[in-house]
Amino acid sequence: DLHCQILCFICLCFVSVCASVQELERFKVFVKRKPAFDVVIDGLNVANINKDKSKQSETLLAVVLELERQALNILVLGRKHMLRPSRSWDRQNMNLIQQKAHCFFTDNISEDDPFLLYATLHSGNHCRFVSRDLMRDHKACLPDGATRRLFFKWQRGHQLVVAGYVASGRRVRFQVSG
């Protein structure tokens, strides 16, 4: 569909500004080689839902497990620092996340939202993304009002937000943004 092609082009423009050329190419190859995703997770954004920083990897794992339970093909986007074991990023949780989902970790200085938008759009109209980010910065960069309205309409139909409290062992609920 033409609208998705336009949005994909715009996302690539965002990505090229926010990442190195090598990282952009690595990501495009990564996405092309994978089957279409059903859901793309903004890993850092989702992990930060929990105010307790020692539970970041646990929070992300709970969301991944809920989506895996629904038999969805999942992509988790994160930053490389999430792979370094720490109080926030438990090695066992991160290993489980990587077993249950496809994962792509950007350089720590990269802006990850454009990667999220690109992967979601590239996967097709059925794909959703999980993030609390309203993407205002990205909407502001769009060339005109018509494109901003198109993006907003697309976002409302594709963005999922984690609803309520996330804890291991509890079902994770999502609501459609908008």
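The written sequence of each chain sets the order in which its residues are numbered from 1. Local features in this predicted model are restricted to residues of pLDDT 70 or higher, and side-chain atom pairs are both shown and tallied only at a pLDDT of 80 or more, whereas totals for entire chains, interfaces and linings draw on every residue. For side-chain calculations, the full set of non-hydrogen atoms in the structure is used, while hydrogens and water are omitted.

**Some details on the overall build of the protein**
The condition is simple: Starting at the N terminus, helices and strands are each numbered in turn, a helix being any DSSP run of H or I of at least four residues and a strand any DSSP run of E of at least two. With a 1.4 Å probe rolled over the protein chains alone, any residue whose accessible area is under 20% of its type maximum counts as buried; one over 50% counts as exposed, and the rest are partly exposed. Contacts are assigned to residue pairs with any non-hydrogen atoms lying within 4.5 Å of each other. What sets the accessible areas is the Shrake-Rupley method with a 1.4 Å probe; for residues, cover comes only from the shown protein chains.
Helix and strand content of the protein: eight helices and six strands. Secondary structure of the protein in N-to-C order comes out as α-α-β-α-α-β-α-β-α-β-α-α-β-β. Residue burial in the protein is summarised as follows: out of 178 residues, 49% are buried. Pairs at least 24 residues apart make up 72% of the contacts formed inside the protein by residues separated by at least 6 positions. Carbon and sulfur atoms provide 52% of the accessible area of the protein, an area that totals close to 9,100 Å².

**A few points about the confidence of the model for the protein**
For the record, the criterion: For every residue, the predictor assigns a confidence score, pLDDT, that lies between 0 and 100.
On average, residues of the protein score 84 in pLDDT, and 81% of them are at 70 or above. Confidence scores differ between elements of the protein, with helix α7 (residues 136-141) showing the lowest mean pLDDT of 60 and strand β1 (residues 39-42) the highest of 97.

**A short note on the packing of helix α4 (residues 56-69) against helix α5 (residues 91-100)**
The following threshold applies: To define axes, lines are fitted to C-alpha atoms, for helices over the stretch in contact only, and angles between the resulting N-to-C directions are given on a 0 to 180 degree scale. What sets the label is the angle itself: under 35 degrees gives roughly parallel, over 145 gives roughly antiparallel, 65 to 115 gives roughly perpendicular, and the rest give oblique. Helix crossings fall into two classes, left-handed where the near helix is turned counterclockwise from the far one by less than a right angle and right-handed where it is turned clockwise.
The geometry of α4 relative to α5 is characterised by a closest axis approach of 9 Å and an angle of 25 degrees between their N-to-C directions. Comparing the axis directions of α4 and α5 gives the class roughly parallel. In the packing of α4 onto α5, the handedness of the crossing is left-handed. Between α4 and α5, the residues in contact are S57, E58, L60, L61, V64, L65 and E68 and N93, M94, L96, I97 and K100, respectively.

**Some points on the packing of helix α2 (residues 21-33) against helix α6 (residues 113-123)**
Definition in use: Each residue receives one of three labels: charged for Asp, Glu, Lys and Arg, nonpolar for Ala, Val, Leu, Ile, Met, Phe, Trp, Tyr, Cys and Pro, and polar for the others, Gly being one of them.
Where α2 meets α6, the axes come as close as 11 Å, and the angle between the chain directions of the two elements is 30 degrees. Regarding the angle of α2 to α6, the classification is roughly parallel. Relative to α6, α2 is oriented so that their crossing is right-handed. Where α2 approaches α6, its residues E23, F27, K28, V31 and K32 are matched on the opposing element by F115, Y118, A119 and H122. Residues belonging to the contact of α2 with α6 are distributed by class as follows: five nonpolar, one polar and three charged.

**Examining the packing of aromatic side chains**
Two numbers describe a pair of aromatic rings. These are the distance of the centres and the angle of the planes. Spelled out, the test is: Side-chain rings of Phe, Tyr and Trp (the six-membered ring for Trp) are treated as a pair once their centres are within 6.5 Å; stacked means planes under 30 degrees apart, edge-to-face means over 60, and tilted covers the remaining angles.
Enumeration over the complete set of coordinates arrives at seven aromatic pairs. Taken together, a centroid distance of 4.8 Å and an interplanar angle of 80 degrees make the contact between F27 and F115 edge-to-face. Here F27 is found in helix α2, whereas its partner F115 is found in helix α6, with 88 residues between them in sequence. This pair shows no difference in class: F27 is buried, exactly as F115 is.

**Looking at the pattern of salt bridges**
Test applied: Every case where a carboxyl oxygen of Asp or Glu lies within 4 Å of a side-chain nitrogen of Lys or Arg is listed as a salt bridge.
Summed over all chains, the structure comprises five salt bridges. For E25, the salt bridge identified is with K28, shortest N-O distance 3.4 Å. You can see E25 and its partner K28 sitting in helix α2, three residues apart, about one turn around the helix. Judged by its relative accessible area of 37%, E25 falls in the partly exposed class. With a closest N to O distance of 3.6 Å, E68 and K100 form a salt bridge. Within this pair, whereas E68 is found in helix α4, its partner K100 is found in helix α5, the two being separated by 32 residues in sequence. Note on E68: relative accessible area 33%, which makes it partly exposed.

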